[in-house]
Amino acid sequence: MPRLPWLTSALGLASLLLPSTALACACGCAVFDVGTSTLLPSGPGGTVFLEWDYLNQTKNWSGSSHAPAANNSDKNIRTNFLLAGGQYMFNESWGVMAEVPYTERHFVTADSGAPETFNHSSFGDVRLMGVYSGFSPDMSTGVIFGVKLPTGDSTYKNFDPDVEIGSGSTDLLLGGYHAGNIDTIGDFQWFAQALWQRRIATQHDYHPGSEVNGAVGATYVGWKLGPNIAIAPVAQILLSHRGHDGGIGEPDNTGYNRALVAPGVAVSFATWKLYADVEVPLYQHVTGNQLVSPAALKVIASYSF
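Honestly, the pattern of salt bridges in this entry has me stumped. Any pointers?
A pair can form between side chains of opposite charge whenever their charged atoms are brought close. By the definition in use, this model includes 7 salt bridges. The closest approach of N and O atoms between Glu51 and Lys298, which form a salt bridge, is 3.5 Å. Note that Glu51 is positioned in strand β1 (residues 45-57) and Lys298 in strand β19 (residues 296-304), a separation of 247 residues in sequence. Assigned by exposure class, Glu51 and Lys298 land together as buried. In this structure, Asp125 engages Lys148 in a salt bridge whose closest nitrogen and oxygen atoms are separated by 2.8 Å. Of this pair, Asp125 sits in the loop between β6 (116-123) and β7 (127-132) while Lys148 sits in strand β8 (residues 141-148), placing them 23 residues apart in sequence. For Asp125, a relative accessible area of 2% corresponds to the buried category.

And the structure:
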């Protein structure tokens, strides 16, 4: 597989490769951790990136369909996820990656009867990962492994446990990816990613459910604007499974299965890259009553050196 000049040398489990980008919120954030081949490693060197994700959960859902709002005391969860990250590939086989999130959350709930609004911002759960991409000379296949640390705020008194910015848990992360050509020229390419996350230590008697997130997508890399600008449309399907929470909170209203379609575009100029997509549910099945969003937005800007 030819190396793509618009691919950065970071593996985007930053928002993937699943959140969860160290994203709390059992009602639907972890999918940000997977997707976007723009963050797959392409060679030795470093990359730093900034990511913004937006999710506005306004509709109550139960099972696989819309449910009356009266069945859920939570009325709105609106979140801006901000993420700063970096990866360095020491050679064509080994690299390291770190992600530091910051989250702004708006929460409306009627737990006490009348609706109340709470706003809270805090650093989230840091993720530290290693990358191995030495299965083939072109680095087209790799694995990711690491931990999510309980650095985020998980004690804000006005948020439910699954709405807290930090989960309070230390989690094991394990994932993989592969990319390849669809045609013989290499203009059409495909990629697949997956990430598994499971708690290994918890606090405050809250036990977040295990998660598996995956993405399968294709991109066309043959469009150029002059000698330095490349434009690559991306189409992908995102798949998510989250198990039930345990301990405090409302475990009966946690856990889901989802499939989303995420059209996007990647633009590169020299060592700068910009990626954006919109993620729209095709299917979602939730346990109990949970708030869902009609769409999610993602933007990633990166610089390679």
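Anyway, onward from the coordinates.
I would appreciate a short explanation of the environment of Ala230 in the present structure.
Mapped onto the elements, Ala230 comes out in strand β14 (residues 229-242). On the accessibility criterion, Ala230 (5% relative accessible area) is buried. Distance from Ala230 to Ala266, taken between C-alpha atoms, is 8.1 Å for residues 36 residues apart in sequence. Setting aside its immediate chain neighbours within four residues, Ala230 contacts Trp223, Lys224, Ala266, Val267 and Ser268.

Hey, could you run me through the nonpolar core in this one?
Side chains of a nonpolar character, in soluble globular proteins, are inclined to be buried together. Grouped together as the largest cluster of nonpolar side chains are 19 residues, with contacts concentrated most on Phe49, Met129 and Tyr275. Mapped onto this core, the elements with two or more residues apiece are β4 (74-89), β7, β9 (170-181), β10 (188-201) and β14. Per element, the largest residue contribution to this core is 3 residues, and it comes from β9. The next biggest cluster of nonpolar side chains, apart from the first, holds 7 residues, and it includes Phe107, Phe118, Tyr156 and Val163.

What counts as what
- Residues numbered from 1 in each chain as written.
- Predicted model: local features only at pLDDT ≥ 70, side-chain atom pairs only at ≥ 80, totals over all residues.
- Heavy atoms only, no water.
- Salt bridge = Lys/Arg side-chain N within 4 Å of Asp/Glu carboxyl O.
- Helix = DSSP H or I, 4+ residues; strand = E, 2+ residues; numbered from the N terminus.
- Buried < 20%, exposed > 50% of the residue type's maximum accessible area, 1.4 Å probe, protein only.
- Contact = heavy atoms within 4.5 Å.
- Core = buried A, V, L, I, M, F, W, Y, C linked by side-chain atoms within 4.5 Å.

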